[in-house]
Amino acid sequence: MRYALYKAGVFQRYQDFDTPPEPLATEKQMVWIEAPVVPPPPPTLDELKLVKRAEFNAKRAELETSGFMHLAHKFDSDQRSADRLQVAAIAAQSAILAGQPFSLEWVAADNVAVPLDAAGILGLVGAFASYGLTLHQTVRNLKTQVDVATTKDELDLITWPA
């Protein structure tokens with residue numbers, strides 16, 4: 001049961017007890033009164049919209065670092081992999097500009113070594129960029145739907161696409 005502590009008629013704090021409490025020596029002139037537990041008011045539509053937007057941002061962040069498919073393999077998309085891919089792309093572009101051959105084996109997330117030439121590395125960069133752009137466009141579209149929703153039921157129907 002929840003009780004409220006009052007001192008000289010002024011609320012001090014709530015506390016939960018199994019049985020009605022007795023004021024402690026330090027709580028002289030204080031009284032505990034049984035306080036009904038009042039549920040919080042339901043969230044407003046604007047509050048629900050903020051929660052929905054946050055859910056979509058979290059889903060995008062999760063997917064951004066969960067890998068992407070390219071050339072029938074799943075490739076890593078975490079920050080370290082993005083940094084490494086950027087270095088490989090610079091090396092590939094340098095080789096192209098110098099008219100030199102370029103090739104390497106990029107180890108995909110499924111631990112398969114995928115042989116790539118300069119165009120292949122640049123294609124991998126493009127696929128990575130396209131993957132990220134698709135995620136951002138998805139979130140933007142979902143947030144637009146959230147913005148125009150006028151009821152909780154409409155909001156509940158807005159979900160991340162399968």
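A brief report on the enclosed structure follows. (Residues numbered from 1 in each chain as written. Predicted model: local features only at pLDDT ≥ 70, side-chain atom pairs only at ≥ 80, totals over all residues. Heavy atoms only, no water.)

### Some details on the pairing of strand β7 (residues 113-117)
Defined as follows: In this scheme, a residue with accessible area under 20% of its type's maximum is buried, one over 50% is exposed, and one in between is partly exposed, where area comes from a 1.4 Å probe on protein chains only. Segments assigned H or I by DSSP are reported as helices when at least four residues long, segments assigned E as strands when at least two residues long, and all are numbered from the N terminus. By this definition, two strands are paired if DSSP reports at least two bridges between them.
Only one face of β7 is buried: it carries Val114 and Leu116, and the other face, with Ala113, Pro115 and Asp117, is open. In this structure, strand β6 (residues 103-107) lies alongside β7, joined through five bridges in antiparallel fashion. Bridge pairing in β7 places Val107 opposite Ala113. Counting the residues between successive antiparallel strands, the hairpin from β6 to β7 contains five residues, one of them, Asn111, with a positive phi of roughly 70°.

### Section: the packing of aromatic side chains
Note the following rule: Pairing of aromatic rings covers Phe, Tyr and Trp, the last counted by its six-membered ring, and requires centre-to-centre distances within 6.5 Å; plane angles under 30 degrees mean stacked, over 60 mean edge-to-face, and any other angle means tilted.
In the structure shown here, the tally under the stated rule is four aromatic pairs. Pairing Phe68 with Phe128 gives two aromatic rings, centres 5.2 Å apart and planes at 5°, and the pair type is stacked. Of this pair, Phe68 sits in strand β4 (residues 68-70) while Phe128 sits in helix α3 (residues 118-148), placing them 60 residues apart in sequence. Put simply, the rings of Phe68, Phe75, Phe128 and Tyr131 touch in pairs and so form one group of aromatic residues.

### Some thoughts on unusual backbone geometry
Of note, the phi angle at Ala72 is positive, near 65°, even though the residue is not glycine. Within the secondary structure, Ala72 is located in the loop between β4 and β5 (73-75). On the basis of relative accessibility, which here comes to 70%, the residue Ala72 falls in the exposed class. The phi dihedral of Asn111 falls on the positive side, at around 70°, and the residue is not glycine. Among the structural elements, Asn111 can be located in the loop between β6 and β7.

### Some thoughts on the environment of Leu116
Short version of the rule: Residue contacts follow a heavy-atom distance rule, with two residues in contact if any of their heavy atoms lie within 4.5 Å.
Turning to its location among the elements, Leu116 is positioned in strand β7. For Leu116, a relative accessible area of 6% puts it in the buried group. In sequence terms Leu116 and Val51 are 65 residues apart; their C-alpha atoms lie 43 Å from each other. Not counting chain neighbours up to four residues away, the residues in contact with Leu116 comprise Leu71, Phe102, Ser103, Leu104, Trp106, Ile121 and Leu124.

### Some points on the nonpolar core
Across soluble globular proteins, nonpolar side chains show a tendency to be buried alongside one another. Selection rule: Remark: nonpolar core denotes a set of buried residues (Ala, Val, Leu, Ile, Met, Phe, Trp, Tyr, Cys) joined through side-chain atoms within 4.5 Å.
If you look at the biggest cluster of nonpolar residues, it comprises 17 residues, and the most contacted ones within it are Phe68, Phe75, Phe102, Trp106, Leu116, Ile121 and Leu124. Among the elements of the structure, α2 (79-98), β7 and α3 are those that each provide at least two residues to this core. Ranked by size, the runner-up nonpolar core spans 11 residues in total, among them Leu48, Leu142, Ala149 and Leu155.

### Examining α3
Given 3.6 residues to a turn, an α-helix orients residues that are three or four positions apart in the same direction. Keep this limit in mind: Given a helix with a known number of residues, its expected span is that number minus one, times 1.5 Å. Polar contacts here mean pairs of N or O atoms no more than 3.5 Å apart (in protein, one a potential hydrogen donor and the other a potential acceptor; neighbouring residues in sequence count only if both atoms are side-chain atoms).
Between its first and last C-alpha atoms α3 spans 45 Å; for 31 residues at 1.5 Å apiece the expected length is 45 Å, and the two agree. Buried within α3 are the following residues: Ala118, Gly120, Ile121, Leu124, Ala127, Phe128, Gly132, Leu135, Thr138, Val139, Leu142 and Val146. Structurally, the start of α3 carries an N-cap: the backbone nitrogen of Ala119 is 3.3 Å from a side-chain oxygen of Asp117.

### Re the pattern of salt bridges
Pairs can form between side chains of opposite charge whenever their charged atoms are close. The condition that has to hold: Think of a salt bridge as a Lys or Arg side-chain nitrogen and an Asp or Glu carboxyl oxygen that are within 4 Å of each other.
Counted by the stated rule, this structure contains two salt bridges. Between Asp147 and Arg53 there is a salt bridge, with its nearest N and O atoms 2.3 Å apart. Placement of the pair is Asp147 in helix α3 and Arg53 in helix α1 (residues 45-64), with a sequence separation of 94 residues. A salt bridge links Lys152 to Asp156, with the nearest nitrogen and oxygen atoms 2.8 Å apart. Of this pair, Lys152 and Asp156 both sit in helix α4 (residues 152-156), separated by four residues, roughly a single helical turn. What makes Lys152 partly exposed here is its relative accessible area of 45%.

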